[in-house]
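# Coordinate analysis (summary)
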Amino acid sequence: MRGEFVHLQVRSCHSLLYGTRTIGELVARAADLGYDAMALTDINNLYGVHDFLEACRDRGIRPIVGAEVRKNDERALVLVKNKMGFSALTSLISSVMTGEDRGLAPLLTAASAGNILLTDSPGLLEELAGHVEELYAMVTPFSRKILTASVRFRVPPAAVGEVTLLEKEDYDVHRVLRAIAARDTVDNLRGVDCAPADSLFFSPDEARHIFSDCPEAMANTVSIAGRCRFARIFEGFIFPVYGGDRDSAASLLRSRTLEGAEVRYGELSESVMERIDYELSIIVEKGFASYFLIVADIVKKTSRTCGRGSAAASIVSYCLDITNVDPIRHNLYFERFLNPERLDPPDIDVDFAWDERDAIINDVMNEFGSDRCAMVSTHIHFREASALRDVARAHGLPDDEITAFERQLFRERQAGMGTHVDPLWRRILDTAFRIRGFPRHLSVHVGGLVMTPELIRDYVPVERAAKNVPVITWDKDGAEAAGLVKIDLLGNRSLAVIRDALANLEENGMHVDERTWDPVSDEKTMDMLARGDTMGVFYVESPAMRQLQKKTGKGDFGHLVIHSSIIRPAANRFITEYVERLGGKPWKSLHPRLDHILAETYGIMCYQEDVSKVAVALAGFTPAEGDGLRKILTKRNREVKLKEYRERFYDGASRNGVDDDACAAIWAMIESFDGYSFCKPHSASYAMVSFQSAWLKAHYPAEFMAAVISNGGGYYTLPGYISEARRLGMTIDPLDVNESGYRFRGKGKRMRVGFMAAAGLRLATIKALVEERRRGGPFRSLGDLDRRVHITSADYEILVASGALDSVSPGLGRAAQLWHILINRGEGAGEAGASLFDSPVQELPRVREKPLQERLRQEYRVMGFLCDRHPLFFWQEKTASYRKIPAHDIPRHIGEIITVTGWPVTRKAILTSSGNPMEFVSFEDETAMYETVFFPEAYRRFSHQLEEDVPWIIRGRVEEDHGAVNINVREIRKVV
């Protein structure tokens, strides 16, 4: 060991809302000051342990893994000596963070094997003395009180720095963070635990001065550091063994794969068997057989799933029904998923219907044991907006003032002006900038599940989420780095749409045999996709995707796979070039070595695995090295490693005769994959769901649209989907107490509104109505309804306004229906069969019915749409004076300035290449939906107005791009 002192207590920003510096900054300071070792001891967590180990490797510092464990008013440092100690620490933190009802002393005693403990709590020191093998009294720069107890209980002292700051100025940031944690202000931190103002990362020379009166405590830090040699979380990967034996799991996997292959392919060809044998050899050699078997068992828990991600490139996954895309037919690259050199475990993502996912996760946890399963966490970081708001609140500013300042800041940035603010706001901005990127709190990953062969808390700290589910405290990258295998069980609304549409068809007497169902080969489906008539269709319904479909005119499966990926941020800068090449534009190959790789995407890198393939083919990377390059592109703090990869890429490409210009062009395309992108197997899996959705829309639009709306829609508003149903030629039948179910239902050219559409109607009332109707038959009158079902007055008002009671009250308008109900029903009516409908108290007074427009306004307020007309009906007199064209005629006015009425149905803001905001907004009128573009100037003038859900008069130039038409907006005016 160099030096006479080692920092054994250092807190980073992973001590949430406490620490003021990143792990990288702290490790760099240690290296700069000449330390060769340091500890990271965040409060009650190991959130940053992986970043810490990596940062120490990069800077030549020996890491000391540990944590500062706090419970009630006591605390201790736990420093890990070995693997046993690390497991003991993860279990200890789990006990503290899940609220286990034991004092800290017995918890620390249980966790002491393999660890070194330090505490400055006298009572804790007394309880631990004689019961813990390696125990030290913690001497800080701010207190020597523990020395008395140290002597009394014969516990040696050890000096610690209680490091929270790098610079004195960090203390202001610390106070703001503590105020945010306390939901208070920096001027009112009395009683809030704060670090001392000078808890700095001091140098060895400063340590000698600070602890000059305790040379033994100084020397003990070096001794302790020397015994803490744990620097690798786990080796290999961690997962339960299926059936308890690896060999039997491997044998079972092969037999099940071959059984599934016969179902998928019939007679097994030589190419199929070669692929199966190749994949199984890698899977078994890597010890992943149990993983595939367990995922296959989970998938069997429901009838409709979508296995996606790189796993869809595996024929084994396909034969086990984990995935649904034939990797041989669609030329999917297995090595993106697994290859002989890959050390980390595979990652299989499976989508389930959104409303089934939680039950499936609970079922898995019950089956494998909630003490051996947990969800993966997501670390939520401060972003610019959240940091600004939290810091401003910590300075006592009210929300309305914060909002006003945000708008001022936005306007000044749009105008390219400097930010001119008073000193308080300047301080707030500076602090917000400092904490941007800090972790703020933990959330639950949308579907990542980890399972372990033994207690999960022995591998990773576990906390309890708000929904009371166990959550590991590492995110997906941390779990992977520790060898924990994540299974993603995710929710997908479109699987529920397909499920419900097929069920609706069964109710209507039409059966779709899914064993022979082949939507990918259906001409009508492909034609619809090629036209971009895909509103409601999974993953191709966004305006951008519909426009891309129109520009390309391609609706086949192969092109849809490309489009689903090229629309992602990593590749979408090449969309125009792709469309032009597709249309016949000549193009030059990036390099002859890449022609076979990029042939199907017209010479453009489109998929994640293209990065790996190009690196292998052009620069001589191994498949594992190519996959490492792909992974590093999406990591935070990747600059150093990416630079190393770049140098290796240029060197390898140069040796293969690639000139610098070609290298630069190809590397620029590789770097574009720092954004969100798809691998081809993932895109193909989604394209299959898209085709199933599109087939249903093309052939059974009523059942399909009913399922889309019943499952909450997607990209567009509810009125937008209702309008689309009408454009498809459907009659929308209104809510009816005798005909409606909870959900929307379709049949033929009609769609019946479901009770779910009636805002405010109690679920208990809906269930009672449907169940009583099933049991006793249709309701014959208002009196019959009131006798059989207890309905509150508030629910009656909703049912009347929606028109649901029209069929059981012939001859009565809706105002009369409500009077009839209020006059003739008594207290408790319906609860015990008592109803004054049987002997009316008085005759119905003469009731003047409300005008049609007012009746429809009530219906619109309850339902959010009108069944037989567009909401623009309410403004038809106010728009009549404008010289406007119907939306379906817009394509006939290319190049012209036109005026059109528009009701907004969806919008998406983006940044231009120069960083200026602009927006795409979809509008509709009674005749069609259309697209508009608000370029930066129009966006600056009008975007804030579009928050109102009202119709607009839009004026702009009609522009056409490869067959896709939009309006370049010049002016909008609200219809009032």
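Cut-offs and rules
Residues numbered from 1 in each chain as written. Predicted model: local features only at pLDDT ≥ 70, side-chain atom pairs only at ≥ 80, totals over all residues. Heavy atoms only, no water. Helix = DSSP H or I, 4+ residues; strand = E, 2+ residues; numbered from the N terminus. Rg over C-alpha atoms; globule rule 2.2 N^0.38 Å. Buried < 20%, exposed > 50% of the residue type's maximum accessible area, 1.4 Å probe, protein only. Pairing = 2+ DSSP bridges. Axes fitted to C-alpha atoms, helices over the stretch in contact; angles between N-to-C directions. Contact = heavy atoms within 4.5 Å. Salt bridge = Lys/Arg side-chain N within 4 Å of Asp/Glu carboxyl O. Phe/Tyr/Trp six-rings, centres within 6.5 Å; stacked < 30°, edge-to-face > 60°. pLDDT = per-residue confidence, 0-100. Right-handed = clockwise from strand over helix to strand, strands pointing away. Expected span 1.5 Å × (residues − 1). Core = buried A, V, L, I, M, F, W, Y, C linked by side-chain atoms within 4.5 Å. Left-handed = near helix turned anticlockwise from the far one by under 90°.

When its secondary structure is counted, the protein chain shows 38 helices and 21 strands. Rg of the C-alpha trace for the protein chain: 33 Å, near the compact-globule value of 30 Å for 976 residues, within the 12% margin. Projecting the C-alpha coordinates of the protein chain onto the three principal axes gives extents of approximately 100 × 80 × 65 Å. By residue count, 56% of the 976 residues in the protein chain fall in the buried class.

What follows concerns the environment of G478. Here G478 shows up in helix 18 (residues 476–481). Here G478 falls in the buried class, since its relative accessible area comes to 5%. Distance in space between the C-alpha atoms of G478 and A207 is 34 Å, their sequence separation being 271 residues.

Turning our attention to unusual backbone geometry. Both trends apply: most residues other than glycine have a negative phi, and most peptide bonds are in trans. Its identity is not glycine, yet N72 carries a phi of approximately 55°, on the positive side. Position of N72 relative to the elements: it lies in the loop between strand 2 (62–71) and strand 3 (74–80). One non-glycine residue with positive phi stands out, namely D321, at about 65°. Tracing the chain through its elements places D321 in the loop between helix 13 (315–319) and strand 8 (348–353).

Taken together, the six bridges between strand 17 (residues 897–911) and strand 20 (residues 952–961) define a ladder with antiparallel strand orientation. Pairing of V900 across the sheet is with I954, part of strand 20. Sheet topology places strand 20 next to strand 21 (residues 964–974); 10 bridges connect them, and they run antiparallel. Among the inter-strand pairings, D961 is bridged to a residue of strand 21, identified as A964.

The next thing to look at is the sheet that holds strand 4 (residues 115–119). Hydrogen bonding along the main chain pairs the strands of a sheet, whether they run parallel or antiparallel. Across the sheet, six strands lie side by side as 1-2-3-4-5-6; this open sheet has mixed pairing. The open sheet has two edge strands, strand 1 (37–43) and strand 6 (157–159), and neither has a second partner. Shown here is a sheet whose adjacent strand axes are inclined to one another by a mean of 35°, direction ignored. In terms of strand pairing, strand 1 meets strand 2 through seven bridges, oriented parallel. Residue pairing across strands places D42 opposite A67, the latter belonging to strand 2. Sheet strands touched by helix 2 (residues 49–59): strand 1 and strand 2. Its angle to strand 2, the strand with the most contacts, is close to 155°. Along the sheet face, helix 9 (residues 215–227) touches strand 2, strand 3, strand 4, strand 5 (135–139) and strand 6 and points at about 85° away from the line of strand 6.

Here the focus is the pattern of salt bridges. Taken as a whole, this structure holds 77 salt bridges when the rule is applied. Its salt-bridge partner being R814, residue E859 comes within 3.0 Å of it at the nearest N-O pair. Note that E859 is positioned in helix 36 (residues 852–863) and R814 in helix 35 (residues 814–824), a separation of 45 residues in sequence. For E859, a relative accessible area of 6% corresponds to the buried category. Here R814 falls in the buried class, since its relative accessible area comes to 11%.

Evaluated as defined, the whole model comprises 37 aromatic pairs. Ring geometry for F649 versus W667: centroids 5.3 Å apart, planes at 45°, classification tilted. Taken as a pair, F649 in helix 27 (residues 639–655) and W667 in helix 28 (residues 660–671) lie far apart in primary sequence, 18 residues in all. With a relative accessible area of 0%, F649 lands in the buried category. Aromatic side chains F923 and Y930 sit 6.0 Å apart centroid to centroid with 25° between the ring planes, which places their arrangement in the stacked category.

Here we come to the confidence of the model for the protein chain. Close reading of the predicted structure is inappropriate where its pLDDT is low. Chain-level statistics for the protein chain give a pLDDT mean of 92 and a share of 96% at 70 or above. A low-confidence stretch, residues 827–836 stays under pLDDT 50, and its non-local contacts, those more than four residues away or across chains, total 15 contacts.

With that settled, consider the pairing of strand 1. With seven of seven residues buried, strand 1 lies mostly within the body of the structure. Burial along strand 1 is two-sided: A37, A39, T41 and I43 and M38, L40 and D42, pointing in opposite directions, are all buried. Handedness of the crossover is the feature at issue here: the chain leaves strand 1, passes through helix 2, returns alongside strand 2, and the resulting connection is right-handed.

Within the secondary structure, T140 is located in the loop between strand 5 and helix 6 (146–152). When residues no more than four places from it in sequence are discounted, the contact partners of T140 are R75, D120, V160, E162 and F211.

A separate point is helix 25 (residues 608–619). End to end, helix 25 covers 17 Å across 12 residues, agreeing with the expected 16 Å (1.5 Å per residue, within 8%). Burial of helix 25 is extensive: 10 of the 12 residues sit out of reach of the surface. Taken together, the buried positions of helix 25 are Q608, E609, D610, V611, S612, V614, A615, A617, L618 and A619. Buried residues along helix 25 sit in contact with helix 24 (595–598), helix 26 (623–632), helix 27, helix 28 and helix 29 (680–699). The positive-phi residue at the C-terminal boundary of helix 25 is G620, with phi of around 75°.

As a further point, take the nonpolar core. Of all hydrophobic cores here, the largest spans 122 residues; its most connected members are L629, F649, I670, M751 and L805. For this core, the element with the most residues is helix 29, which contributes 10 residues. In this structure, Y35, A55, V69 and F234 belong to the second largest nonpolar core, which totals 72 residues.

Contact geometry of helix 27 with helix 28 gives a least axis separation of 11 Å together with a crossing angle of 145°. As for the relative orientation of helix 27 and helix 28, their crossing is right-handed in sense. Taking contact as the criterion, the partners of L642, Y645, R646, F649, Y650 and A653 in helix 27 are, on helix 28, C663, A664, I666, W667, I670 and E671.

On to the sheet that holds strand 19 (residues 929–934). Judged by pairing direction, the barrel is mixed, and its five strands sit side by side in the order 17-18-19-21-20 before closing back on the first. Recorded for the sheet is a direction-independent mean angle of 50° between the axes of neighbouring strands. Here helix 31 (residues 718–727) sits on the sheet and contacts strand 17, strand 18 (917–924) and strand 19; the angle it forms with strand 18, its principal contact strand, is near 45°.

You can see I238 is positioned in the loop between helix 9 and helix 10 (246–265). I238 sits 704 residues away from F942 along the chain, and the two C-alpha atoms are 54 Å apart. If we skip the residues at most four places from it in the chain, I238 touches M451, T452, P453, Y459, A482, G483, L484 and V485.

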